Amino acid sequence: YIPKENGQAYMYLKRILYWQRKNNKISVLVVDDSRSARLHIADLLKRRNFTVHIAENGIEALEVLEKHPSIKMVVTDLEMPEMDGIELTNEIRRRFNRDLLAIIGVSGAEYGSNTARFIKNGADDFLRKPFCPEEFYCRITQNIENLANIEQIQKVAFTDYLTELPNRRAFFQQAEGCITRYRSKQAEFCLVMMDIDFFKKVNDTYGHNAGDHVLKMLALYLRKHFGTGLIARLGGEEFAVLIEGQSKQQLCAKLNDFRKEISEKTITYEKDAINFTISIGVVFNSTELLAKQMSLADEALYFAKENGRNQIKV
Ligand code: GH3
Ligand code: MG
Ligand code: MG
Ligand code: MG
Ligand code: MG
């Protein structure tokens, strides 16, 4: 327990404790041809609970990175045999963007121009040898925080705030890759557009909060039912699903089970018991571009609505 009144000390200790807990999961790769430098840096990192991997040169570093996708940061020396720190930085950046991995260059030689070379080749930061532990920790912490910030921003950008499902942006980013995977496996698949029937009435009858609750519950059921597929809230009360299966028939049955299950469920919100149905438009194994597939599924959904709702149209 740290008393809050003690402002500065509180902030500092809280931060240290935070990182000690958090750093357990963060792996750092230390690359240096000098054994003593390697051990020194690894030791500093271990004291802050980082998981540490080591390599003696760039080639080895790339191999270690390949083997350990958990590595979030590389601290690399400049001058090394086989492949030096600049080449290594270059090679890493050809594989991983800054949002996935931070690189900190380290060198004792020619401070100014080496800093520039490291940064130009994709490093995030630079340390001059010899450095004091305090500076070392500052650089590490700052770069880990940058990574965490990017991760947070990406999470927010690709997630629907209400349901926590992938949002429209996420769907359009992932759907094509998903379809390509299904095709290469020669799996049967379908793109599904789903819309709640008379949702406006749910809002009008039970209130907007109840409507929100219904959306959240539907998202939960979608996750339960189609967990292995790509599920997204496209907007409002409209959802998209991409799933694979053994056959068109099996996929149809799965969708119809879901439709039926929803129509039979009663969602309770405060004192209200809410029933609702969904309409579904489906496109099977389409070779069309994603946008075209979406509009075909949308058309099918429109016919499901026109035909009386609470049904599936292909
Ligand atoms: P249809 O069967 O033709 O789809 O009728 P509908 O009433 O479901 O369709 P309509 O497009 O007329 O209305 C959709 C409603 O969804 C209107 C809008 O206020 C509501 N809505 C959209 N987003 C949200 C949300 O995030 N929360 C809540 N509670 N309501 C929302
Ligand atoms: Mg060296
Ligand atoms: Mg609707
Ligand atoms: Mg509508
Ligand atoms: Mg709608």
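That block above? That's the structure.
Since the model is a prediction, treat every value here as computed from it, not as a measurement. Within each chain, residues carry numbers counting from 1 in the order of the written sequence. Working convention: letters from A go to chains and numbers from 1 go to ligands, in the order in which they are written. Owing to the predicted nature of the model, reporting of local features is limited to residues with pLDDT of at least 70; listing and counting of side-chain atom pairs is limited to 80 or more, with chain, interface and lining totals taken over all residues.

**Considerations on the site of ligand 1**
Working step 1: Here, nearness means that the C-beta atom of a residue, built from backbone geometry, sits within 6 Å of the molecule or strand in question. Lining the immediate surroundings of ligand 1 are 16 residues, of which Asp197, Phe199, Lys200, Gly211 and Gly236 lie closest.
Working step 2: Counting only elements with at least two residues in the shell around ligand 1, the list comes to β6 (188-196), α8 (199-206) and α9 (208-226).
Working step 3: When residues of the shell around ligand 1 are assigned to their parent elements, the largest contribution, 4 residues, is made by α9. Helix numbering and strand numbering both begin at the N terminus, where a helix is a DSSP run of H or I of at least 4 residues and a strand a DSSP run of E of at least 2.

**Some thoughts on the nonpolar core**
Working step 1: In this structure, Val192, Val241 and Ala297 are the most contacted members of the largest nonpolar core, which totals 37 residues.
Working step 2: Those elements that provide at least two residues to this core are α7 (168-184), β6, α9, β7 (230-235), β8 (238-245), α10 (248-264), β11 (278-284) and α11 (290-306).
Working step 3: Among the elements that make up this core, the one with the highest residue count is β6 (7 residues).
Working step 4: Residues within four places of Ala297 in sequence aside, it is in contact with Leu191, Val192, Met193, Gly281, Val282 and Val283. The term nonpolar core means buried Ala, Val, Leu, Ile, Met, Phe, Trp, Tyr and Cys residues held together as one set by C-beta atoms within 7 Å. Partly exposed residues are those whose C-beta has more than 12 but fewer than 20 other C-beta atoms within 10 Å; 20 or more makes a residue buried and 12 or fewer makes it exposed, with C-beta atoms placed from the backbone. Note on contacts: residues are paired as contacts if their backbone-placed C-beta atoms lie within 7 Å.

**Focus: the pairing of strand β5 (residues 125-128)**
Working step 1: The alternating pattern of β5 places Asp125 and Leu127 on a buried face and Phe126 and Arg128 on a face that is not buried.
Working step 2: Should DSSP find at least two bridges between two strands, the strands are regarded as paired. Here strand β4 (residues 102-107) pairs with β5 via 4 bridges, running parallel. The residue bridging Ser107 from the neighbouring strand is Arg128, located in β5.

**Side note on helix α3 (residues 58-67)**
Working step 1: Turning to α3, its buried residues number three or more, namely Gly58, Ala61 and Leu65. All buried residues of α3 lie within an arc of 50° about the axis, which places them on one face of the element. The outward face of α3, more than 90 degrees from its buried face, is lined by the exposed residues Glu63, Glu66 and Lys67.
Working step 2: Tucked inside the fold, the buried residues of α3 contact β1 (27-31), β2 (51-55), β3 (71-77) and α4 (85-95). Within this analysis, the arc is defined by the directions that extend from the helix axis to the C-beta atoms.

**Section: the environment of His68**
Working step 1: Turning to its location among the elements, His68 is positioned in the loop between α3 and β3.
Working step 2: Residues His68 and Ser27, spaced 41 residues apart in sequence, show a C-alpha to C-alpha distance of 8.7 Å.
Working step 3: Residue contacts for His68: discarding those within four places in its chain leaves Ser27 and His53.

**Looking at the sheet that holds β2**
Working step 1: Across the sheet, 5 strands lie side by side as β2-β1-β3-β4-β5; this open sheet has parallel pairing. The sheet terminates laterally at β2 and β5, the two strands that pair on one side only. Put simply, the sheet's adjacent strands are angled 20° from each other on average, direction ignored.
Working step 2: Two elements, β1 and β3, share 5 bridges in a ladder whose sense is parallel. Bridging across to β3, Leu29 finds its partner in Val74.
Working step 3: Throughout, an axis means a line fitted to C-alpha atoms (over the contacting stretch in the case of helices), and angles, computed between N-to-C directions, take values from 0 to 180 degrees. Contacting β1, β3 and β4, α4 runs over the sheet at an angle of about 155° to β3.

**Considering the sheet that holds strand β12 (residues 312-313)**
Working step 1: Taken in spatial order, the 5 strands make up an open sheet running β7-β8-β6-β11-β12, and their pairing is mixed. Edge strands, defined here as strands with exactly one partner in the open sheet, are β7 and β12.
Working step 2: Both β7 and β8 contribute to a ladder of 5 bridges, which runs antiparallel. What sits directly across from Arg233, in β8, is Phe239.
Working step 3: This element, α7, spans β6, β7 and β8 of the sheet and lies at about 145° to β7.

**A few points about the packing of α8 against α9**
Working step 1: Packing of α8 against α9 leaves a shortest axis separation of 6 Å and a crossing angle of 135°. The angle between α8 and α9 falls in the class oblique. Across the interface between the two elements, Phe199, Val202, Asn203 and Tyr206 from α8 touch His208, Ala210, Gly211 and Val214 from α9.
Working step 2: Residue type decides the class: Asp, Glu, Lys and Arg count as charged, Ala, Val, Leu, Ile, Met, Phe, Trp, Tyr, Cys and Pro as nonpolar, and the leftover types, Gly among them, as polar. Among the residues making up the contact of α8 with α9, the classes are represented as 5 nonpolar, 3 polar and no charged. An angle counts as roughly parallel when it lies under 35 degrees, as roughly antiparallel when it exceeds 145, as roughly perpendicular when it falls between 65 and 115, and as oblique in every other case.

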